[in-house]
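Geometric and topological summary
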Amino acid sequence: MGAFAEFERSLIRERQREGIALAKTRGVYCGRTPSLDKARAAELREKAAAGVPKAALARDFGISRETVYAYLRAEA
């Protein structure tokens, strides 16, 4: 019974991958929109380089600390 369930899950994953690929070609599967536009992201990086604490940046920009770190990682 377990082998059948595993086989069925692999079929579901395969169909899902195919559906996502088709949606990407149609342009409807784009992912999440960024929290900050390019200008605000640049401002965030400037303030972080100036030494403003990450928690304060997160509060000021209305995003989580992890998102702040993600924007700083994307810079490099």
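Figured I'd write up the structure that's included with this text. (Residues numbered from 1 in each chain as written. Predicted model: local features only at pLDDT ≥ 70, side-chain atom pairs only at ≥ 80, totals over all residues. Heavy atoms only, no water.)

**Considering the packing of helix α2 (residues 38-49) against helix α3 (residues 54-61)**
Between α2 and α3, the shortest axis-to-axis distance is 10 Å and the interhelical angle comes to 155°. One finds that α2 runs roughly antiparallel with respect to α3. Viewed along their axes, α2 and α3 form a crossing whose handedness is right-handed. Residue-level inspection shows R40, E43, L44, K47 and A48 of α2 in contact with α3, the latter providing L57, D60 and F61. Residue composition of the contact of α2 with α3, grouped by class: four nonpolar, no polar and four charged. (Axes fitted to C-alpha atoms, helices over the stretch in contact; angles between N-to-C directions. Helix = DSSP H or I, 4+ residues; strand = E, 2+ residues; numbered from the N terminus. Parallel < 35°, antiparallel > 145°, perpendicular 65-115°, else oblique. Left-handed = near helix turned anticlockwise from the far one by under 90°. Contact = heavy atoms within 4.5 Å. Nonpolar A, V, L, I, M, F, W, Y, C, P; charged D, E, K, R; others polar.)

**Some thoughts on the nonpolar core**
Among the nonpolar cores identified, the biggest contains 11 residues, and these are L36, A41, L44, A48, L57, A58, F61, I63, V68, Y71 and L72. Going through the elements one at a time, α2, α3 and α4 (65-75) are the ones with two or more residues in this core. Setting aside chain neighbours within four positions, we find L72 in contact with R45, A48 and K54. (Core = buried A, V, L, I, M, F, W, Y, C linked by side-chain atoms within 4.5 Å. Buried < 20%, exposed > 50% of the residue type's maximum accessible area, 1.4 Å probe, protein only.)

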